[in-house]
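Reading the structure
If you want the building blocks of each chain, they are given just below.
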Amino acid sequence: MEDRILSKPALAAEPLGSDSTEGTREDMPPQVDPRTVIQACLLALALLTMAYVASDILLPLVLAFVLKLLFQPAMRQLDRISVPRGLAALLVILAFFGLIVGLGAAVADPASGWAARLPEGLARLQEKLHFLARPIQTFQNFMHEMGTSGDPGIDFLGTIFRGTQHFASGFFETILILFFLLMSGDTFLRRTVEILPRFSDKRQAVELSQQIEHNISIYLVTITVMNTLVGIATGVTMWATGLGDPVLWGVLAFILNYVPIMGPVAGVAIFVFAGLLSIEGTLAAFLPAGAYLLIHMIEGEIVTPMLLARRFTLNPVLVILSLIFWFWAWGVAGAILAVPMLAIFKIVCDGIKPLNPIGHFLEA
């Protein structure tokens, strides 16, 4: 891509805003300019405020951009066999949309069945865990307060339905934006290269774009493959332990694994609750949660770090803070996008010399 965009020979990599004669000093710690740091912090605060206020507009846009990075390997393969770009974008989106619809249809009935069992399951759970009687009673009171028409769950389900409508509208916007992003290809990068004044800046813009696309694409593809394997292993394990509905639990584990730390914790709690509702014997009821925790530990602590440790070295404290903030601002979608956005931000800071101290701060 760089050869098609730039006409001069390749030069040594250098951050944006530097002269071609400066070179790089990787052995020296980045120099901190307090004014640049303060300006960057103020800009970040303004952007985060805008992200919260304009979430209805920005969330579909950011999600479409991340999905574009995820689908880039497929787009390249279709481009190699001379499939027109518009048709390739349509095929990729149809495959993605078909997968979403198929998974939704597969888990709809099992999820409805578990939801119907929830009211009576609370009483059964209270019998098994009598020492938790007070927290369970508090939860029942909370569910009762959410309803105002006799049935405690009617207004709650209405809220969920309204949220589903909002999600469907945002999903349509995401698909529309994604289609045109896939169609545009390198158009925005070409326009950026054309307006930059110096060749060194043009070349660095191309390299920075390639680095973001390459690293984030590998991250997203790797995580998706690993989450798929976790979903399959979880579904089979839940069926083997007597919990049933392997497709439902597999899809749930697949989705939760996109949210580091918080997702697996929520998964353990869900499997504890489901096991206590459907399996006789207290010890046996905890087996599904234990099996899920073991699967997650093997994947999260051994396999995935071996594949991604060299590529992503983000500070875990900042990862947690990012998850909390984006979950608060954008909900579940924000929690899923938190780590990719943080990784993109670090790559940009590492590639722009005045922002190198911030990129260094984000490292583990």
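What this report covers is the structure whose coordinates are included nearby.

What follows covers the overall build of the chain. For the chain, the helix and strand inventory stands at 15 helices and zero strands. Looking at the chain as a whole, 38% of its 364 residues are labelled buried. Put simply, 73% of the contacts in the chain that link residues at least 6 apart link residues at least 24 apart. As displayed, the chain offers around 21100 Å² of accessible surface, 70% of which is attributable to carbon and sulfur atoms.

On to the packing of aromatic side chains, then. Within the structure shown, the criterion is met by nine aromatic pairs. An aromatic cluster is built from Tyr52, Phe325, Trp326, Trp328 and Trp330, whose rings are joined through pairwise contacts.

A separate point is the pattern of salt bridges. Applying the stated criterion across every chain yields a total of two salt bridges. A salt bridge links Glu194 to Arg191, with the nearest nitrogen and oxygen atoms 3.5 Å apart. Here Arg191 and Glu194 lie together in helix α7 (residues 187–195), a separation of three residues that amounts to about one turn. Relative accessible area serves as the criterion here: at 54%, Glu194 is assigned to the exposed category. Overall, Arg191 belongs to the partly exposed group, its relative accessible area being 46%. As a salt-bridge pair, Glu207 and Arg203 come within 2.2 Å of each other at their nearest N and O atoms. On the criterion of helical spacing, the pair formed by Glu207 and Arg203 is a turn pair, its members being four residues apart in helix α8 (residues 199–240).

Of note in this structure, Ser82 is not a glycine but carries a positive phi near 65°. Secondary-structure assignment places Ser82 in the loop between α3 (55–80) and α4 (85–128). Residue Ser82 is classed as exposed on the basis of its relative accessible area, which comes to 63%. For Asp245, which is not glycine, the phi dihedral falls at a positive 50°. Locating Asp245 in the fold gives a position in the loop between α8 and α9 (246–256). Relative accessible area serves as the criterion here: at 30%, Asp245 is assigned to the partly exposed category.

This part covers the nonpolar core. One finds Ile216, Trp326 and Trp330 to be the most contacted residues of the largest nonpolar core, which totals 35 residues. Elements that contribute at least two residues to this core include exactly α2 (34–53), α3, α8, α13 (316–330) and α14 (332–351). Each residue touching Trp326, except ones within four places of it in the same chain, is listed here: Leu48, Ala51, Gly331, Gly334, Ala335, Ala338 and Met341.

Let's shift gears to the environment of Pro110. Topologically, Pro110 is positioned in helix α4. The class for Pro110 is buried, based on a relative accessible area of 17%. On a C-alpha basis, the gap between Pro110 and Trp249 in space is 9.5 Å, while along the polypeptide they are 139 residues apart. When residues no more than four places from it in sequence are discounted, the contact partners of Pro110 are Asp245 and Leu248.

Together, Ile261, Met262, Val265, Val317, Ile320, Leu321, Ile324, Phe327 and Val332 line one region of the surface with nonpolar side chains, adding up to about 800 Å² of accessible area. The set of elements that each furnish at least two residues to the nonpolar patch consists of α10 (262–278) and α13. If one sorts the elements of the nonpolar patch by residue count, α13 sits on top with five residues. Positionally, Val265 belongs in helix α10. For Val265, a relative accessible area of 54% corresponds to the exposed category.

All right, on to the side chain of Thr234 then. With respect to the helices and strands, Thr234 occurs in helix α8. The exposure class of Thr234 is buried, given its relative accessible area of 0%.

Right, let's talk about the packing of α13 against α14 for a bit. In contact at an axis separation of 7 Å, α13 and α14 are set at 140° when each is read in the N-to-C sense. Considered as vectors, α13 and α14 are oriented oblique to each other. Viewed along their axes, α13 and α14 form a crossing whose handedness is right-handed. Residue-level inspection shows Leu318, Val319, Ser322, Leu323, Trp326, Phe327 and Trp330 of α13 in contact with α14, the latter providing Val332, Ala333, Gly334, Ala335, Leu337, Ala338, Val339, Met341 and Leu342. Tallied by class, the residues present in the contact of α13 with α14 amount to 14 nonpolar, two polar and no charged.

Position of Ser209 relative to the elements: it lies in helix α8. Judged by its relative accessible area of 26%, Ser209 is partly exposed. Linking Ser209 and Val348, residues 139 residues apart in sequence, is a C-alpha distance of 8.8 Å.

Scoring rules and cut-offs
Residues numbered from 1 in each chain as written. Predicted model: local features only at pLDDT ≥ 70, side-chain atom pairs only at ≥ 80, totals over all residues. Heavy atoms only, no water. Helix = DSSP H or I, 4+ residues; strand = E, 2+ residues; numbered from the N terminus. Buried < 20%, exposed > 50% of the residue type's maximum accessible area, 1.4 Å probe, protein only. Contact = heavy atoms within 4.5 Å. Areas by Shrake-Rupley, 256 points an atom, 1.4 Å probe, with all protein chains shown as cover. Phe/Tyr/Trp six-rings, centres within 6.5 Å; stacked < 30°, edge-to-face > 60°. Salt bridge = Lys/Arg side-chain N within 4 Å of Asp/Glu carboxyl O. Core = buried A, V, L, I, M, F, W, Y, C linked by side-chain atoms within 4.5 Å. Patch = residues over 30% accessible without salt bridge, like charges linked within 9 Å, V, L, I, M, F, W, Y side chains within 5 Å. Axes fitted to C-alpha atoms, helices over the stretch in contact; angles between N-to-C directions. Parallel < 35°, antiparallel > 145°, perpendicular 65-115°, else oblique. Left-handed = near helix turned anticlockwise from the far one by under 90°. Nonpolar A, V, L, I, M, F, W, Y, C, P; charged D, E, K, R; others polar.

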